[in-house]
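Spelled out, the chains give:
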Amino acid sequence: MKEEPRLRLQQARANAGFASPTDAARAFREINQNTMISHENGNRPISRKAAEKYGRLFGVEPGWILFNGGVTSEEVEGITEVPVLSMVSAGNLRDQPGVTASDIERWIKVADLPAGDWLALIVEGDSMDRIAPDGSTLLVNRADERLIDGRYYVFSHGGGAATFKRYRRNPERLQPFSTNPDHVSIPVEGELYVFGRARRVLVDI
């Protein structure tokens, strides 16, 4: 059984008679060769829109590509499959071009996400426990890097580390939002690398 969307995409393409993404791109104008290669090797998550396109071209249900189910495109409307990374992997993305298969711990299905480049991170520690307790899942839009005072972001800093904090502009600092008084704001000194904006927290109770 093909457990990952990228592997099911490879199978759909091969079953349709194309030996490689390059062959498929030559046959269909709608396919961008580099994008499909990234989808197949796991460097880029397969969006619902992309799954619908591949499904139409290769003769399979988009829901099968995304979820290994025989659902129709209407039934997967509004559902996004998001890769889950560790904070360590998120920090390392500062020095690499994109997400690789080895960075991804698992995939989760999330409803009603707006357009974006979505990743999920597992929160570590209690520095933001007023909104995201230790072990909760943080949904981050990497396409949203515009800093807004008082909003929440994941930042990557020296040593390949990543941190989830509230951004404050005057003075510029990364502010915890915690029940633990030991956590203090981090002054911004030098370049601030924005991994993405945190938009949703998933918590098991």
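In this report, we go over the structure that sits alongside the text. Since the model is a prediction, treat every value here as computed from it, not as a measurement. (Residues numbered from 1 in each chain as written. Predicted model: local features only at pLDDT ≥ 70, side-chain atom pairs only at ≥ 80, totals over all residues. Heavy atoms only, no water.)

### Quick word on helix 4 (residues 48–58)
Stage number 1. Looking only at helix 4, the buried set comprises A50, A51, Y54, G55, L57 and F58.
Stage number 2. On its buried face, helix 4 sits against helix 1 (5–15), helix 2 (21–27), helix 3 (33–41) and helix 5 (62–67).
Stage number 3. Positive backbone phi, at 75°, marks G59, one or two positions downstream of helix 4. (Buried < 20%, exposed > 50% of the residue type's maximum accessible area, 1.4 Å probe, protein only. Helix = DSSP H or I, 4+ residues; strand = E, 2+ residues; numbered from the N terminus. Contact = heavy atoms within 4.5 Å.)

### Some points on the pattern of salt bridges
Stage number 1. Evaluated as defined, the whole model comprises 8 salt bridges.
Stage number 2. Between E40 and R13 there is a salt bridge, with the nearest N and O atoms lying 2.7 Å from each other. Pair noted here: E40 is in helix 3 and R13 is in helix 1, with a separation of 27 residues, a long-range link.
Stage number 3. What makes R13 buried here is its relative accessible area of 8%.
Stage number 4. Here R48 ties to E52 by a salt bridge, and the two come within 3.0 Å at their closest N and O atoms. Here E52 and R48 lie together in helix 4, a separation of 4 residues that amounts to about one turn.
Stage number 5. Looking at R48, the relative accessible area reads 25%, which means it is partly exposed.
Stage number 6. With relative accessibility at 24%, the residue E52 sits in the partly exposed group.
Stage number 7. The structure contains a network of salt bridges with shared partners spanning D144, R197 and R199. (Salt bridge = Lys/Arg side-chain N within 4 Å of Asp/Glu carboxyl O.)

### Some thoughts on the packing of helix 3 against helix 4
Stage number 1. Running from amino to carboxyl end, helix 3 crosses helix 4 at an angle of 100°, the nearest separation of the two axes being 13 Å. It follows that helix 3 is roughly perpendicular to helix 4 by the angle criterion. Touching T35, M36 and H39 of helix 3 are A50, Y54 and F58, all from helix 4.
Stage number 2. Residues that form the contact of helix 3 with helix 4 fall into these classes: 4 nonpolar, 2 polar and no charged. (Axes fitted to C-alpha atoms, helices over the stretch in contact; angles between N-to-C directions. Parallel < 35°, antiparallel > 145°, perpendicular 65-115°, else oblique. Nonpolar A, V, L, I, M, F, W, Y, C, P; charged D, E, K, R; others polar.)

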